[in-house]
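Observations on the three-dimensional arrangement
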Amino acid sequence: MNNAPNVTIQDVPAEVIQAITAMRRPIMISHVVPDADALGSMISMAIAWQDEQRQTKVSIPEGSISQRLQFLVDLADVPVASIEDFAQADGFVVIDTAKKPRCNVGPNLKDMDWSADRKIVNIDHHATSTQFGDINWVVGGASSTCELVYYLLRAADRSINAACASLIYSGIQTDTIGYSLSTTSASALRATADVVELGADVGQIGERLSRSQTQSEFDLLRVIYDNTKVLADGRLAYSYAGYDDITNAGCTAADIDDQINVPRSLDGVELAMLFTEGRRGKTRINFRSSGHVTISELAAQFKGGGHTQAAGAILDSNIIDAIEVVIPKAIEHLNTFS
Ligand SMILES: [Mn+2]
């Protein structure tokens, strides 16, 4: 069954377009540990709104991009915002980010009022969005933020060049896991057909995102496979990687995301979790569910959020304690669906 909303050009609020049009020095921002949808939507917006009257920049703090996704940043020639740029910006477009503390602005600005007195336009598809912008366009359950960006750019009559098309394609393709999730709406496919026509490099992006990985990513996957445990009569699976596992493989916290697909891929698993200690004493949990099992309520118990069937949370504890606390709650949660 397909449960995703269909998005059209007419759905784009005029005030969103007006607000961005009025900005001359906007910074585009997405969420911490950016995935391809976050990067694709942020960078494609920056490219498409760049012109003689407007200097757009993107927020990419050092060390915040995974090895796997660096090529998306390299696809486009968009200036990265410095701390001074944040002071001089006349507006912010925050994309694919459900709450303000999740903005990927870097350690120096994280705890500051970096947007002080300037407008935030917020564009997102997270159902758990707190609508923290001054102007928000949130379509919960839409395939991806890149899909929303595509319709926004069309509604605003911005031109979409080949790099921009490739970035939009990357976000829709990955957020739907290769057009395989029930969020793959007709409008997501329509947007995809259009960006392919506009020059999206499907073969190259597929190669980079779906058919290749670095040795470090490969080595980390061995650990994830090795550590996978199955509980609740095969309905729950989880895996984990401690700080040393991650660094010994040559990876960092920025490289953790897709590995959740390992425990998730086991037949019969309805709830999957990945515990990773990318920074000592902080454990990140990725939650995924399938079938009629939803996950956002479980993530919320640990102050996390996300989508109905894909969410995350961060605990202030080491990985062993985190697993001990979360597993019983996860089983309890899963049992409410049987
Ligand atoms: Mn997304």
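What counts, and at which threshold
Residues numbered from 1 in each chain as written. Predicted model: local features only at pLDDT ≥ 70, side-chain atom pairs only at ≥ 80, totals over all residues. Heavy atoms only, no water. Donors = N, O, S within 2.8 Å, 3.2 Å for Na, K, Ca; no water. Helix = DSSP H or I, 4+ residues; strand = E, 2+ residues; numbered from the N terminus. Buried < 20%, exposed > 50% of the residue type's maximum accessible area, 1.4 Å probe, protein only. Domains from an automatic or database assignment. Contact = heavy atoms within 4.5 Å. Buried area = accessible area lost by both parts, 1.4 Å probe. Salt bridge = Lys/Arg side-chain N within 4 Å of Asp/Glu carboxyl O. Pairing = 2+ DSSP bridges. Axes fitted to C-alpha atoms, helices over the stretch in contact; angles between N-to-C directions. Arc of directions from axis to C-beta. Phe/Tyr/Trp six-rings, centres within 6.5 Å; stacked < 30°, edge-to-face > 60°. Left-handed = near helix turned anticlockwise from the far one by under 90°. Polar contact = N/O pair within 3.5 Å; in protein donor to acceptor, adjacent residues only side chain to side chain.

A look at the coordination of the manganese ion
Distances from the manganese ion to its protein donors, Asp37 (OD), Asp96 (OD), His125 (NE2) and Asp175 (OD), fall at 2.2 to 2.6 Å. Spacing between the donor residues of the manganese ion along their common chain follows D-x58-D-x28-H-x49-D. Pair noted here: Asp96 is in the loop between strand 3 (91-95) and strand 4 (120-124) and His125 is in the loop between strand 4 and strand 5 (135-138), with a separation of 29 residues, a long-range link. For His125, a relative accessible area of 3% translates into the label buried.

Comments concerning the domain arrangement of the protein chain
Domain assignment breaks the protein chain into domain 1 (9-210) and domain 2 (215-335). For domain 1 and domain 2, the distance between their C-alpha centroids amounts to 26 Å. Across the boundary between the two partners, domain 1 contributes 15 residues, which contact 18 residues of domain 2. Summed over both partners, the interface of domain 1 with domain 2 comes to about 1100 Å²; 46% of that surface belongs to carbon and sulfur atoms. At the junction of domain 1 and domain 2, the tally comes to 1 salt bridge.

Section: the sheet that holds strand 3
Pairing is parallel across the open sheet formed by 5 strands, whose spatial order is 2-1-3-4-5. In this open sheet, the two strands that pair with only one neighbour each are strand 2 (57-58) and strand 5. Pairing geometry for strand 4 and strand 5, over 4 bridges, is parallel. Among the inter-strand pairings, Ile123 is bridged to a residue of strand 5, identified as Trp137. Contacting strand 1 (26-29), strand 2, strand 3 and strand 4, helix 2 (residues 36-49) runs over the sheet at an angle of about 155° to strand 1.

Looking at the pattern of salt bridges
Overall, the coordinates contain 12 salt bridges when judged by the stated rule. Across the pair Arg280 and Asp244 runs a salt bridge, and its minimum N-O distance is 3.2 Å. Of this pair, Arg280 sits in the loop between strand 8 (271-279) and strand 9 (282-289) while Asp244 sits in helix 10 (residues 243-248), and the two are 36 residues apart along the sequence. Since its relative accessible area comes to 41%, Asp244 is described here as partly exposed.

Overview of the environment of Val7
Topologically, Val7 is positioned in the segment before helix 1 (14-22). Sequence separation of Val7 and Ala191 is 184 residues, and the distance between their C-alpha atoms is 9.5 Å. Excluding anything up to four places from it in sequence, Val7 contacts Trp137, Val139, Ala142, Glu147, Leu148, Tyr151 and Ser187.

Let's talk about helix 1
Inspection of helix 1 places Val16, Ile17, Ala19 and Ile20 among the buried residues, and these make up the whole buried set. Projected down its long axis, helix 1 shows its buried positions confined to an angular sector of 165°, all on one face. Exposed positions of helix 1 whose direction lies more than 90 degrees from the buried face are Gln18 and Ala22. In this fold, the buried residues of helix 1 make contact with helix 2, strand 3, strand 4, strand 5 and helix 5 (145-155).

Quick word on the sheet that holds strand 11 (residues 310-315)
One open sheet holds the 6 strands; their spatial order is 6-7-8-9-11-10, and the pairing between them is mixed. Each edge of the open sheet carries a strand with a single partner, namely strand 6 (229-231) and strand 10 (305-306). Contacts between helix 9 (residues 215-226) and the sheet are confined to strand 7 (236-241) and strand 8, with strand 7 contributing the most and set at about 135° to the helix. Packing of helix 13 (residues 319-335) onto the sheet brings it into contact with strand 6, strand 7, strand 8, strand 9 and strand 11, and relative to strand 8 it is tilted by some 160°.

Some remarks on the pairing of strand 4
By the criterion of burial, strand 4 is predominantly enclosed, with 5 of the 5 residues buried. Residues Ile120, Asn122 and Asp124 of strand 4 are buried on one face, and the alternating residues Val121 and Ile123, pointing to the opposite face, are buried as well. Where strand 3 meets strand 4, 4 bridges bridge the pair, whose relative direction is parallel. Across the sheet, Ile95 pairs through a bridge with Ile123, a residue of strand 4.

Considerations on the packing of aromatic side chains
Summed over all chains, the structure comprises 7 aromatic pairs. Relative to Trp114, the ring of Phe86 lies with its centre 6.1 Å away and its plane at 85°, an arrangement referred to as edge-to-face. You can see Phe86 sitting in helix 4 (residues 83-88) and its partner Trp114 sitting in the loop between strand 3 and strand 4, a full 28 residues away along the chain. Assigned by exposure class, Phe86 and Trp114 land together as buried.

Here's the deal with the packing of helix 5 against helix 7 (residues 186-197)
Contact geometry of helix 5 with helix 7 gives a least axis separation of 10 Å together with a crossing angle of 65°. In this structure, helix 5 crosses over helix 7, and the sense of that crossing is left-handed. Where helix 5 approaches helix 7, its residues Glu147, Tyr150, Tyr151 and Arg154 are matched on the opposing element by Ser187, Ala188, Arg190, Ala191, Asp194 and Val195.

Brief notes about the side chain of Arg54
Turning to its location among the elements, Arg54 is positioned in the loop between helix 2 and strand 2. Engagement of the side chain of Arg54 in a polar contact is seen with the backbone oxygen of Trp49, the distance being 3.4 Å. Those residues in contact with Arg54 that lie beyond four places of it in its chain are Ile20, Thr21, Met23, Arg24, Pro26, Trp49 and Arg158.

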